[in-house]
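A look at the structure
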Amino acid sequence: MTTIVRLAALIFMVTSVACGSSAVAQDRERGQQAFAACAPCHAPDKNGIGPRLAGVVGRTSGSVEDFRYSRAMKNAKIVWDAATLDAYLAEPQKVVPGNLMPFSGIDDAQKRADLVAYLSTLKATN
Amino acid sequence: MATKLNNRTVVIVGGGLTAALVARQLTAKGVDVLVLERGVDRRKAAEAKLPNQRDELRWDVRGGLGQDWSVETYTVRHSGKEDALPARRLAAFLPGEGMGGAASHWNGFTWRWSEYDPTLRTRIESRYGKTAIPPELLIQDWGVTYAEMEPHHHLFEKLYGISGKAGNINGKLQPGGNPFEAPRRDEYPQPPLEPTEAGLIFKAACEKLGYKPFIAPSGNSSGAYTNPDGMKLAQCQYCGHCEKFICEAQAKATPDTLLYPMLLQRKSFEIRLQCRVLGVDYDKQTKRAIGVRYVDLITGEEYEQPADVVVLAAFTMSNTRFLLMDRIGTPYDPATGQGVVGKNFCYQTNSGMNVFVKDRWINPFLASGSTGITIDEFNNDNFDHTGLGFFGGGGISANLTNGRPIGNRRVPGSTPNWGTQWKEANAAWYAHSFAMQVQGSSYPHRENYLDLDPVYQDAHGQPLVRITFDWRENDMRMSEYCTKKMEEIAKAMDATSLGPAAPRKSPFDTRVYQSTHITGGTPMGADPKTSVVSQHLQHWDAQNLFVVGASVYPHNSGYNPTAVLGALALRLGDDLNSYIERPRKL
């Protein structure tokens, strides 16, 4: 058992080195698990109940052209980065009052960090 | 002149929960399925999105998601001696309309019924004697056992991601679960929801009295969940807009969230929306259903849709209505007790009472559709009925499902109905009160039945269903007994004050919402003399016609009916796969 764990850790380190930072690789994986809470409404590449999330980091809020946003989100003009996403995911209604995402937020700061790390891997395709 | 269309393998009437589950099993094997639904797909409409989703006046008070009463209603009377009159706006129960049917505006309670429910007559006779059941109570066995349904319950709960705590795994009682639960093979797919403050107060009082309270199994998702079909549920946000609403957060298990989007990807599946079925074409000579007739509600064009197999999966009342209109099977006659169609019409014998607790924050707005704490000590035949003078029982619970501002105005009994004092009482008690409920069984009575109204018609010129129903002696005695038990629990709560504990009494009132749990009319069973469909839901007088829905229940239990519907529909799907391979009497 321990051998497998060590081996896994080794592989993990190797890939982490390749990616440049061990923290990101770790976060991303957990973040992908945390994304299960978002997946019923959000997909990376296509709009569902919520807008598509590929390229969300660096994007201005309410800017996916073929998605119908609330007025609140359209007018918020927030540029999504690690800090703004973290604040938004903690309390969506506090950051953008009146937005229509039916989600009360994530209390766990580590989980939010993981999730943001995962979101930052979703690159816009075009 | 109706246009005749090309033949289809299976045509399902009504696009609700049972249709979707039957279609799931069939299309998995590539069988061609066509569903005809009178309503629309609401997934992208205002009712499924914030902020309109929260419009209590539109969706709740005015019943915006339900059947349009100006097109079709029911006539109602309390006994065969009265003239029935059409209900202009029926509030007692809420037939659905649209893809998902009534299952898209449900609350989420997902009970497997008592293990003995499908063999209720045998159970009562073996426990209380062969002559114990009075002749006016038409209690009968279903022709199926719980053990036969268990695999289908299991699958349904997996598909719906039910949240709960098992009480009985393979016969071994589980702490924290319902000790009266029918044995199940494993835990629920998801852990239970968070209890409400009201639930915790109720739980403490029940424990004080030696009962075993537990958290009810729920279709409101306690977490993020992916079902075996890859369909996803989000975590419930406890927003209190469940029953009578479409969940905008994708957190309520419904056909329109979990089943139809998956079916629409399957090649052999088709749903035609805004197509209202007018009847089943039946050939008396060969005893076969030939197909169905429907009208496209957009164009007004009428069509004949031939099919190898017809499945009636419409609302309880509509299933019965089609069989009566097209004269398939013998209509039930209460005078002679002969005939079957329209028989065993049951409802749900509920009662409730308000509890006011000054120093506890109930915060009723923070709730899901089925966050309830319940006890089952007095449900169904879980207690000894010797000498009680009735059969049946009810689950007693504190199910706080919402704190919506129009419908939730609990004030102590001494409060005037309007004015300053009423307003003050509202402000004082909104956050400090809740209701308890008895959800009681409803047993078939000789005089409770459905037939076609001889006078009144719907907008399409077809006769309305006539409901002859009232609370009869057996169910009223049951309600009195269980309501008293509820009151005892309430008295153990250290409440500031209690509302009256009023048992259910005749007459049946259609103006007050009670529950959409109406059952029967096309009862199932092993004997063609007392049932419309066989234990495999196959019509006794038409081999290729099947009926599924709560209309096949021979009685209603002290539980919500949905899980049993799910199990029966999945079982029918499997049975139909076998029938289509080799058509025969199943």
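What you see is a predicted model, and the numbers here were worked out from it, not measured in a lab.

Points about the overall build of chain B
In terms of helices and strands, chain B carries 10 helices and 25 strands. Scaling as 2.2 N^0.38, a compact globule of 586 residues should have a C-alpha radius of gyration of about 25 Å, and chain B matches this with 23 Å. Judged by the C-alpha coordinates and their principal axes, chain B covers about 70 × 55 × 50 Å. Here chain B holds 586 residues, and 57% of them are scored as buried.

Focus on the overall build of chain A
Along the backbone of chain A there are six helices and zero strands. In chain A, the order of α-helices and β-strands from amino to carboxyl end is α-α-α-α-α-α. Within chain A, the proportion of its 126 residues that are buried is 22%. Considering only intrachain contacts with a sequence separation of at least 6, the fraction spanning at least 24 residues in chain A is 47%.

Regarding the environment of N47(A)
Residue and element names in this part refer to chain A. Locating N47 in the fold gives a position in the loop between helix 2 (22–34) and helix 3 (71–76). The exposure class assigned to N47 is partly exposed, which follows from the 15 C-beta atoms found within 10 Å. The contacts of N47, once residues within four sequence positions are left out, are R52, V64, D66 and F67.

A look at the sheet that holds strand 4 (residues 74–77) of chain B
Residues and elements named next belong to chain B. Strand order in the open sheet made by the four strands is 5-4-21-20, with mixed pairing throughout. Across the chains shown, the open sheet's two edge strands, defined by having one partner strand only, are strand 5 (85–86) and strand 20 (449–457). As judged from the five bridges shared by strand 20 and strand 21 (residues 463–468), these two strands associate in the antiparallel manner. By the bridge assignment for strand 21, D451 is matched with R466. On the sheet, helix 7 (residues 316–325) packs against strand 4, strand 20 and strand 21 and is oriented at approximately 70° with respect to strand 20.

Focus on the packing of helix 1 (residues 17–27) of chain B against helix 6 (residues 255–263) of chain B
All names here are of chain B. It is the contact of helix 1 with helix 6, at a shortest axis distance of 10 Å, that shows an interaxial angle of 35°. For helix 1 against helix 6, the interelement crossing comes out left-handed. Seen from helix 1, the contacting residues are L17, A20, L21, A23, R24 and T27; seen from helix 6, they are P255, L259, Y260 and L263. The residue inventory of the contact of helix 1 with helix 6, partitioned by class, reads eight nonpolar, one polar and one charged.

Looking at the sheet that holds strand 22 (residues 497–498) of chain B
Residues and elements named next belong to chain B. With antiparallel pairing, the six strands of this open sheet are ordered in space as 8-17-18-19-16-22. Lying at the two open borders of the sheet, with one neighbouring strand each, are strand 8 (214–215) and strand 22. As paired strands, strand 16 (residues 349–356) and strand 19 (residues 433–440) are joined by eight bridges and run antiparallel to one another. Looking across to strand 19, one finds that G352 is bridged to Q437. Most of the contacts of helix 5 (residues 197–208) go to strand 17 (residues 372–375), to which it runs at about 20°, and overall it touches strand 17, strand 18 (394–399) and strand 19.

As for the interface of chain A and chain B
The interface of chain A with chain B comprises 10 residues on the first partner and 12 residues on the second. Taken together, the residues of the side of chain A that touches chain B sort by class into nine nonpolar, one polar and no charged.

Some details on the environment of E181(B)
If you trace the backbone, E181(B) turns up in the loop between strand 7 (172–173) and helix 5. Those residues in contact with E181(B), other than ones at most four positions away along the chain, are R112(B), G167(B) and N168(B).

Some thoughts on the nonpolar core
In this structure, V10(B), I12(B), V22(B), A23(B), V310(B), V311(B) and V548(B) are the most contacted members of the largest nonpolar core, which totals 166 residues. No other element matches helix 10 (residues 562–581) of chain B, which puts 10 residues into this core. The residues touching I12(B), leaving out its near neighbours within four places in the chain, are A19(B), V22(B), A23(B), V33(B), V35(B), V311(B) and A313(B). Counting residues in each nonpolar core, the second largest holds 15 residues, with A34(A), L89(A), A117(A) and Y118(A) among its members.

Some remarks on unusual backbone geometry
All names here are of chain B. P51 follows L50 through a cis peptide bond whose omega is 0°. Relative to the helices and strands, P51 is located in the loop between strand 3 (33–36) and helix 2 (56–61). Omega for the peptide link from S506 to P507 comes to 0°, which places this bond in the cis form. With respect to the element layout, P507 can be found in the loop between strand 22 and strand 23 (519–521). Of note, the phi angle at N170 is positive, near 50°, even though the residue is not glycine.

Here we look at the pairing of strand 2 (residues 8–13) of chain B
All names here are of chain B. Strand direction decides the pairing type here: strand 2 and strand 14 (residues 302–312), joined by five bridges, are parallel. Bridged to V11 within strand 14 is V310. Pairing analysis gives four bridges linking strand 2 to strand 3, with the strands arranged parallel. Bridge assignment links I12 to a residue of strand 3, and that residue is V35.

Some points on the packing of helix 1 of chain B against helix 10 of chain B
Residues and elements named next belong to chain B. With their axes 8 Å apart at the nearest point, helix 1 and helix 10 run at an angle of 35° to one another. In the packing of helix 1 onto helix 10, the handedness of the crossing is right-handed. Residues L17, T18, L21, V22, R24, Q25 and L26 of helix 1 lie in contact with helix 10, whose contacting residues are L565, G566, A569, L570, L572, G573, D574, L576 and N577. Residues belonging to the contact of helix 1 with helix 10 are distributed by class as follows: nine nonpolar, five polar and two charged.

Notes on helix 7 of chain B
Residues and elements named next belong to chain B. A large share of helix 7 lies buried, amounting to nine of its 10 residues. Taken together, the buried positions of helix 7 are T316, M317, S318, N319, T320, R321, F322, L323 and L324. Residue R327 follows helix 7 closely and has a positive phi angle near 50°.

Describing the confidence of the model for chain B
Confidence in the prediction for chain B averages 96 pLDDT; 100% of positions are at 70 or higher. Confidence estimates for the predicted assembly give a pTM of 0.93 and an ipTM of 0.74.

What counts, and at which threshold
Residues numbered from 1 in each chain as written. Chains lettered and ligands numbered in written order. Predicted model: local features only at pLDDT ≥ 70, side-chain atom pairs only at ≥ 80, totals over all residues. Helix = DSSP H or I, 4+ residues; strand = E, 2+ residues; numbered from the N terminus. Rg over C-alpha atoms; globule rule 2.2 N^0.38 Å. Buried ≥ 20, exposed ≤ 12 C-beta atoms within 10 Å, placed from the backbone. Contact = placed C-beta atoms within 7 Å. Pairing = 2+ DSSP bridges. Axes fitted to C-alpha atoms, helices over the stretch in contact; angles between N-to-C directions. Left-handed = near helix turned anticlockwise from the far one by under 90°. Nonpolar A, V, L, I, M, F, W, Y, C, P; charged D, E, K, R; others polar. Core = buried A, V, L, I, M, F, W, Y, C linked by C-beta atoms within 7 Å. pLDDT = per-residue confidence, 0-100.

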